[in-house]
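Fold and contact review
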Amino acid sequence: MPATQRTRRTALAVLALALAAVLAPLPCAASPGDRDPLFQACVSKCQAAHCSHRTSSAAAFSLDDSTSPSNSNSNSNQLGSLQSATSTSLSAILLLTLWDCGQDCKYVCMHQVTRRKLDLKSQQLAEYRAQGQTPPQYIAQSKPIQQFYGKWPFIRVLGMQEPASVLFSVFNGLGHYYGLRRYQAQIRPENYPLYPVVEFAGYIAVNSWVWSAVYHTRDFAWTEKLDYFSAMASILMSLYLAILRVGGVTNRRVRAWIVAAALAFYIGHVSYLSFWRFDYGYNMLAGLAIGVSGNLLWLGWSVYQYIRSWSSAPDARHHRQSIRSAAGGNAAPGTKYAWKIAVVVLGISAAMSLEVFDFPPVWGVLDAHSLWHLCTAPLIPIYWDFFVEDALHNVRRVKSI
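Model, not experiment: these values are computed from the prediction.

1. Notes on the overall build of the protein
- Within the protein one finds 17 helices and four strands.
- A total of 401 residues make up the protein; the buried ones form 45% of that total.
- Pairs at least 24 apart in sequence give 74% of the contacts found in the protein among residues at least 6 apart.
- Surface accessibility of the protein: about 21000 Å² in total, with carbon and sulfur atoms responsible for 64%.

2. Things to note about the nonpolar core
- Membership of the largest hydrophobic core comes to 32 residues, with the highest contact counts inside it found for Tyr 183, Tyr 192, Leu 241, Trp 298, Trp 301 and Phe 387.
- Sorting the residues of this core by element identifies α8 (163–186), α9 (195–217), α10 (221–247), α12 (280–309), α15 (339–352) and α17 (380–400) as the ones contributing at least two each.
- For this core, the element with the most residues is α17, which contributes eight residues.
- The contact partners of Phe 387, leaving out residues within four places of it in the chain, are Tyr 183, Val 198, Leu 241, Trp 298 and Ile 341.
- Core analysis: the second largest hydrophobic core is formed by 18 residues, Phe 39, Val 43, Met 110 and Val 113 among them.

3. Details of the state of the cysteines
- The final tally for this structure, using the stated rule, is three disulfides.
- In this model Cys 46 forms its disulfide with Cys 105; the gap between the sulfur atoms is 2.1 Å. For the disulfide bridge between Cys 46 and Cys 105, the dihedral angle about the S-S bond is near -80 degrees, and by the sign convention the bridge is left-handed. Remark: Cys 105 occurs in helix α6 (residues 101–130) and Cys 46 occurs in helix α3 (residues 37–50); sequence separation between them is 59 residues.

4. Brief notes about the environment of Ser 122
- Relative to the elements of secondary structure, Ser 122 occurs in helix α6.
- Judged by relative accessible area, Ser 122 falls into the partly exposed class, the value being 47%.
- Each C-alpha atom, one on Ser 122 and one on Ile 139, is 9.6 Å from the other, the two residues being 17 residues apart in sequence.

5. Topic: the packing of α9 against helix α16 (residues 368–376)
- Between α9 and α16, the least distance of the axes is 13 Å, while the angle of their chain directions is 155 degrees. Relative to α16, the element α9 lies roughly antiparallel. In the packing of α9 onto α16, the handedness of the crossing is left-handed. In this structure, α9 uses Trp 209, Ser 212 and His 216 to contact α16, whose residues at the interface are His 369, His 373 and Thr 376.
- In the contact of α9 with α16, the residues fall into one nonpolar, five polar and no charged.

6. A look at the packing of aromatic side chains
- Under the counting rule described, the total for this entry stands at 24 aromatic pairs.
- Consider the rings of Trp 298 and Phe 386, whose centres lie 5.6 Å apart with planes at 80 degrees: the pair is edge-to-face. Here Trp 298 is found in helix α12, whereas its partner Phe 386 is found in helix α17, with 88 residues between them in sequence. Here Trp 298 matches Phe 386 in class, with each residue buried.
- Every member of this aromatic cluster is reached through a ring pair, and the members are Tyr 183, Tyr 195, Trp 298, Trp 301, Tyr 337, Tyr 383, Trp 384, Phe 386 and Phe 387.
- Over the aromatic face of Trp 99 sits the side chain of Arg 218, whose NZ or CZ is 4.0 Å from the ring centroid.

7. Comments concerning the confidence of the model for the protein
- Confidence in the prediction of the protein, expressed as mean pLDDT, is 80, and 79% of residues score 70 or more.
- Highest mean pLDDT in the protein belongs to α8 (96); lowest belongs to helix α4 (residues 74–77) (41).
- The low-confidence segment residues 6–18 (pLDDT under 50) makes five contacts with residues lying over four places distant or belonging to another chain.
- When the criterion is pLDDT under 50, residues 65–86 qualifies, and its contacts beyond four places in sequence or with other chains add up to 53 contacts.

8. Brief notes about unusual backbone geometry
- Phi is positive for Leu 98, close to 70 degrees, though the residue is something other than glycine.
- Inspection of the secondary structure assignment puts Leu 98 in the loop between α5 (92–96) and α6.
- Of the residues examined, Leu 98 reaches a relative accessible area of 46% and is grouped as partly exposed.
- Positive phi values are uncommon outside glycine, yet Trp 363 reaches one of about 60 degrees.
- Looking at Trp 363, the relative accessible area reads 70%, which means it is exposed.

What counts, and at which threshold
- Residues numbered from 1 in each chain as written.
- Predicted model: local features only at pLDDT ≥ 70, side-chain atom pairs only at ≥ 80, totals over all residues.
- Heavy atoms only, no water.
- Helix = DSSP H or I, 4+ residues; strand = E, 2+ residues; numbered from the N terminus.
- Buried < 20%, exposed > 50% of the residue type's maximum accessible area, 1.4 Å probe, protein only.
- Contact = heavy atoms within 4.5 Å.
- Areas by Shrake-Rupley, 256 points an atom, 1.4 Å probe, with all protein chains shown as cover.
- Core = buried A, V, L, I, M, F, W, Y, C linked by side-chain atoms within 4.5 Å.
- Disulfide = S-S within 2.5 Å.
- Axes fitted to C-alpha atoms, helices over the stretch in contact; angles between N-to-C directions.
- Parallel < 35°, antiparallel > 145°, perpendicular 65-115°, else oblique.
- Left-handed = near helix turned anticlockwise from the far one by under 90°.
- Nonpolar A, V, L, I, M, F, W, Y, C, P; charged D, E, K, R; others polar.
- Phe/Tyr/Trp six-rings, centres within 6.5 Å; stacked < 30°, edge-to-face > 60°.
- Lys NZ or Arg CZ within 6 Å of the ring centre and 35° of its normal.
- pLDDT = per-residue confidence, 0-100.

Listed below in structure tokens is the structure:
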């Protein structure tokens with residue numbers, strides 16, 4: 001079989017696997033909010049009252065204080081019943097972002113149930129305080145804002161479920177796009193052996209932030225997978241770049257083995273999450289392990305360069321390493337720009353720690369995850385500054401030999 005035909009068949013097989021992975025169903029994530037009998041009753045009655053057509057709007061649906069909803073528990077009985085109003089059609093922007101009536105009912109009920117629970121807690125606290133009594137602990141420490149289907153009750157903006165995360169994902173994507181453009185404008189491919197690797201890493205990074213914005217706009221199984229799988233591809237590519245640059249790997253056979261190992265892991269990772277079990281914990285740990293490995297390589301290299309930059313003048317050993325340095329190895333003394341990649345690595349690591357402090361969205365839009373994306377955006381220009389300076393530095397060294 002000719003090589004081109006084998007390559008074409010391999011590409012088609014990979015494409016078929018990717019398509020099947022994206023379209024494979026995900027288990028439905030349940031949270032305290034969507035398990036609440038009041039919420040379930042609200043959604044059922046809303047859909048019965050408004051969803052004669054999938055493009056109908058549930059905006060007019062409301063909670064009413066007159067009677068208690070059916071199929072609700074005693075706590076929900078205090079929150080009121082459900083009353084419908086005349087149905088209207090979903091707006092153009094909601095239709096454009098793929099909302100339907102059933103999903104609109106869930107959104108409306110999510111916010112109305114949350115608002116009622118907040119009002120109930122405020123009312124109960126006020127009553128106890130008016131009587132000069134300390135509220136019971138179960139009331140004082142209750143959490144009326146709960147997650148629904150794995151997400152906090154965000155305020156929808158122009159059809160976007162998580163508007164702040166969408167905006168900040170766009171900031172990150174644009175940062176990589178313009179950084180990559182600047183890199184391509186200032187560095188000539190024939191002058192720098194690592195040029196195609198850095199360039200490809202830039203394209204992968206832009207792609208990952210595009211899918212992050214899409215996923216935070218609308219949470220579907222396929223958008224979630226494309227977000228997660230694109231992020232893993234970007235993390236893997238960053239590790240590969242770190243190995244080549246820090247380790248000075250120039251041998252093509254060694255590079256090919258590294259690429260083969262990375263591809264094997266990635267295909268296995270995607271296949272496991274798609275066809276076996278979508279394990280969020282495993283996905284997070286795998287991404288963390290790979291990301292930390294790359295970060296440690298860059299940090300070690302940055303510290304080493306800092307020590308060398310303040311040491312004595314280059315000796316003969318440094319000169320013998322000039323060609324290897326230009327091809328992706330350790331830079332010679334004087335690479336004081338190495339601090340930039342250290343700042344990026346430490347900044348991203350610090351920003352990720354925000355995920356530990358998960359809290360309900362401030363003003364209905366800003367949560368810990370969106371703030372993580374916000375904090376990484378200013379680091380991206382520094383990231384590309386480093387790679388531009390690093391390439392120019394190594395090109396100058398080659399010409400001076």
